[in-house]
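# Structural characterization, general
Below are the chains, spelled out letter by letter.
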Amino acid sequence: MVMNNQTVISLFFLLGLPIPSEHQHLFYALFLAMYLTTVLGNLIIIILIHLDSHLHTPMYFFLSNLSFSDLCFSSVTMPKFLQNMQSQHTSITYAGCLIQMYFFKLFGGLEIFLLVVMAYDRYVAICLPLYYTRIMSPKLCVCLVLMSWIFNVLYSMLHTLLVARLSFCKDNVIPHFFCDMSALLKLACSDIYINELMIFILGGPLMVIPFFIIVVSYVQIVFSILKVSSTRVIHKVFSTCGSHLSVVSLFYGTIIGLYLCPSSNNFTVNEASISLMYTVVTPMLNPFIYSLRNRDIKEAIIKVLIKKISL
Ligand SMILES: *[C@@H]1O[C@H](CO)[C@@H](O)[C@H](O)[C@H]1NC(C)=O
């Protein structure tokens, strides 16, 4: 295709990760196992919460939503990545690339919003226990989840449309294992000023404000349990909030690491490896972090197993 004397690129090549070829099979097996664990772990959480009526509370509805978005988040990148590791054809069409970018942003953003909603839920449960059922009404829960969806659908749409108006002409090798927006912007021939402006104006607050709300919620929680000073209560609060905090720190830790990481010319190797952390590892660990530390989930698993055996 030729347009305005420039070749328009209709195909991109994903460079993948810098894995030495002799270790290719080992890493393939590792990533496949991680992906299957992610799918299985999150599916189990969703099904358990659906089956067990004791888990029909806002906290578990949000957790089930988080598992769903984890599942989708890793399914956006992993199957294609695994396929590319197997074959020599690492190409992805222009449209495929934009679609992948769109859903990556959508589910990544959804994950952050759900973490905020879950932090707020814990804040109300612990700091305002008498009002919990009144504040966290089913209507508000649905509303919070719906708003997260609507916002992220529009936000990812905006960025995807802004990338869609760029032209790509020279370089079509993406030094990453999926179509990452910042990697794509580096390949563009046209002016990316508006894209960068939008990332700066919207993307910055979108990372910082949720983080701020989460931190404030947990600080309030810590203050309120310090006032109680009953070891039993403190233990109970830490066992539910501890798992939330580990997920939040895992997710934000890697993202912050990505931004603080000195961006040299060879940035992409680092960047791709670090984003492996939040695209593959975090969605895989979330179900385990919740279920291993959570007595309700453990009981639900045992109940379901007993029902199966006695049938
Ligand atoms: C997500 O949360 C809403 C609101 O609590 C709930 O009605 C819905 O069933 C949840 N969805 C999933 C997939 O768990």
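The structure presented is a predicted model; accordingly, all values stated were derived computationally and were not measured. In this convention, every chain numbers its residues from 1, walking through the sequence in written order. Where totals are concerned, whole chains, interfaces and linings use all residues; where local detail is concerned, this predicted model gives features only for residues with pLDDT of at least 70, and gives and counts side-chain atom pairs only at 80 or more. Side-chain descriptors were evaluated using all non-hydrogen atoms of the structure, hydrogens and water having been removed beforehand.

Before going further, it helps to spend a moment on the overall build of the chain. Each helix corresponds to a stretch of at least 4 residues labelled H or I by DSSP, and each strand to a stretch of at least 2 residues labelled E; elements are numbered beginning at the N terminus. Broken down by element type, the chain carries 10 helices and five strands. Only C-alpha atoms enter the radius of gyration; for comparison, a globular chain is expected to reach 2.2 Å times N to the power 0.38, where N is the number of residues. On C-alpha atoms alone, the chain measures out to a radius of gyration of 22 Å, which is about the 19 Å that the 2.2 N^0.38 rule sets for 311 residues. For the chain, the spread of C-alpha atoms along the principal axes amounts to about 70 × 45 × 35 Å. Out of the 311 residues belonging to the chain, those deemed buried represent 44%. Any two residues having at least one pair of non-hydrogen atoms within 4.5 Å are treated as being in contact. Taking the contacts inside the chain whose residues are at least 6 apart along the sequence as the reference set, 80% of them involve residues at least 24 apart. Accessible surface area values rest on a Shrake-Rupley calculation with a 1.4 Å probe, where residue burial reflects the displayed protein chains alone. Surface accessibility of the chain: about 16,700 Å² in total, with carbon and sulfur atoms responsible for 71%. Charged-residue counts in this description rest on Lys and Arg as positive and Asp and Glu as negative, His and the chain ends being excluded. Charged side chains are reduced to one point each, which is NZ for Lys, CZ for Arg, CG for Asp and CD for Glu. Positive and negative side-chain charges of the chain, numbering 17 and 12 respectively, have mean locations separated by a distance of 13 Å. The buried label applies to any residue whose accessible area, calculated with a 1.4 Å probe on protein chains only, is under 20% of its type's maximum; exposed applies above 50%, and partly exposed to all values in between.

Further remarks concern the sheet that holds strand β5 (residues 173-174). Ordered by their spatial adjacency, three strands build an open sheet running β4-β3-β5, and the pairing between neighbours is mixed. Pairing within the sheet leaves two strands with one partner each, and these edge strands are β4 (91-93) and β5. Pairing between strands is defined by DSSP: at least two bridges between the two strands are required. Two strands pair when backbone bridges link them, and strand β3 (residues 11-14) and β4 are joined in this way by three bridges, in the antiparallel orientation. Following the sheet pairing, F13 is matched in β4 by S91. Fitted lines through C-alpha atoms serve as axes, helices being fitted only where they are in contact, and the angles separating the N-to-C directions of these axes extend from 0 to 180 degrees. Its contacts with the sheet place helix α3 (residues 94-127) against β3, β4 and β5, and it is angled at close to 85° to β4.

Cysteine sulfur atoms are paired as a disulfide whenever they come within 2.5 Å of each other. Tallied over the full model, the rule gives two disulfides. Between C97 and C179 runs a disulfide, and the two sulfur atoms are separated by 1.9 Å. Between C97 and C179, the S-S torsion sits near -110°, and that sign places the bridge as left-handed. Of this pair, C97 sits in helix α3 while C179 sits in the loop between β5 and α6 (181-187), placing them 82 residues apart in sequence.

Taken together, the side chains of R232, K236, R295 and K298 make up a positively charged region of the molecular surface. Here K236 is to be found in helix α8 (residues 231-260). Any residue with relative accessible area above 30% and no salt bridge may belong to a patch, with like charges joined within 9 Å and the nonpolar Val, Leu, Ile, Met, Phe, Trp and Tyr side chains within 5 Å. Take a side-chain nitrogen of Lys or Arg and a carboxyl oxygen of Asp or Glu: if they are within 4 Å of each other, that pair is a salt bridge.

Another aspect to go through is the nonpolar core. We define a nonpolar core as any set of buried Ala, Val, Leu, Ile, Met, Phe, Trp, Tyr and Cys residues linked to one another through side-chain atoms lying within 4.5 Å. Grouped together as the largest cluster of nonpolar side chains are 63 residues, with contacts concentrated most on L17, F31, F62, L63 and I214. Elements with a contribution of two residues or more to this core: α1 (24-51), α2 (58-86), α3, α5 (138-164), α7 (193-228), α8, α9 (267-293) and α10 (295-310). Ranked by residues supplied to this core, first place goes to α3 with 14 residues. Setting aside its immediate chain neighbours within four residues, L17 contacts F31, F81, F177, A272, S273 and L276.

This paragraph deals with the site of the ligand. In the vicinity of the ligand, the contacting residues are F61, S64, N65, C141, V142 and V145. Measuring from an oxygen atom of the ligand, one finds a side-chain N or O atom of S64 at 2.3 Å. With the chains in place, 66% of the 360 Å² that the ligand exposes on its own is no longer accessible. Mapped by element, the contributors of at least two residues to the shell around the ligand are α2 and α5. Nearness is judged by heavy atoms alone; a residue qualifies as near a molecule or strand once a single heavy atom is within 4 Å of it. Polar contact is the term for a pair of N or O atoms within 3.5 Å; when the atoms are in protein, one must be able to donate a hydrogen and the other to accept it, and sequence-neighboring residues count only if both atoms are side-chain atoms.

This paragraph deals with the UniProt feature "transmembrane region" (unreviewed entry) in the chain. UniProt records the feature "transmembrane region" (unreviewed entry) for residues 28-49, 102-120, 140-158, 197-225, 237-260 and 272-292 in the present numbering. Regarding residues 28-49, the helix share stands at 100% and the strand share at 0%, and the terminal C-alpha atoms are separated by 32 Å. Across residues 140-158, helical content stands at 100% and strand content at 0%; the span's end C-alpha atoms are separated by 27 Å. UniProt positions are given in the numbering used here, feature names are shortened, and annotations may be inferred rather than shown by experiment.

This paragraph deals with a nonpolar patch on the surface. On the surface, F211, V215, V219, V222, F223, L226, F238 and I256 cluster together into a nonpolar patch covering about 690 Å² of accessible area. When residues of the nonpolar patch are traced back to their parent elements, those giving at least two are α7 and α8. Element by element, the count of residues in the nonpolar patch is highest for α7, at six residues. Judged by its relative accessible area of 33%, F211 falls in the partly exposed class.

This part covers α7. A rise of 1.5 Å per residue sets the reference length of α7, with its 36 residues, at 52 Å; its end C-alpha atoms lie 53 Å apart and thus fit the reference within 8%. One axis fitted to the seven residues ending at a residue, another fitted to the seven starting there: the angle between these axes is the bend at that residue. Where α7 bends most, the angle comes to about 30°, and this point is F200. Listed in full, the buried residues belonging to α7 are N195, G203, L206, P210, I214, S217, Y218, I221, S224 and I225. What a helix is expected to span follows from its residue count: subtract one and scale by 1.5 Å.

Here the focus is the packing of aromatic side chains. Geometry of aromatic contacts follows a simple scheme: Phe, Tyr and Trp rings, the Trp one being its six-membered ring, pair when their centres are within 6.5 Å, and the pair is stacked under 30 degrees between planes, edge-to-face over 60, tilted otherwise. Evaluated as defined, the whole model comprises 18 aromatic pairs. Taken together, a centroid distance of 6.4 Å and an interplanar angle of 35° make the contact between Y120 and Y123 tilted. Of this pair, Y120 and Y123 both sit in helix α3, three residues apart, which is roughly one turn of the helix. For Y120, a relative accessible area of 31% gives the class partly exposed. Overall, Y123 belongs to the partly exposed group, its relative accessible area being 22%.

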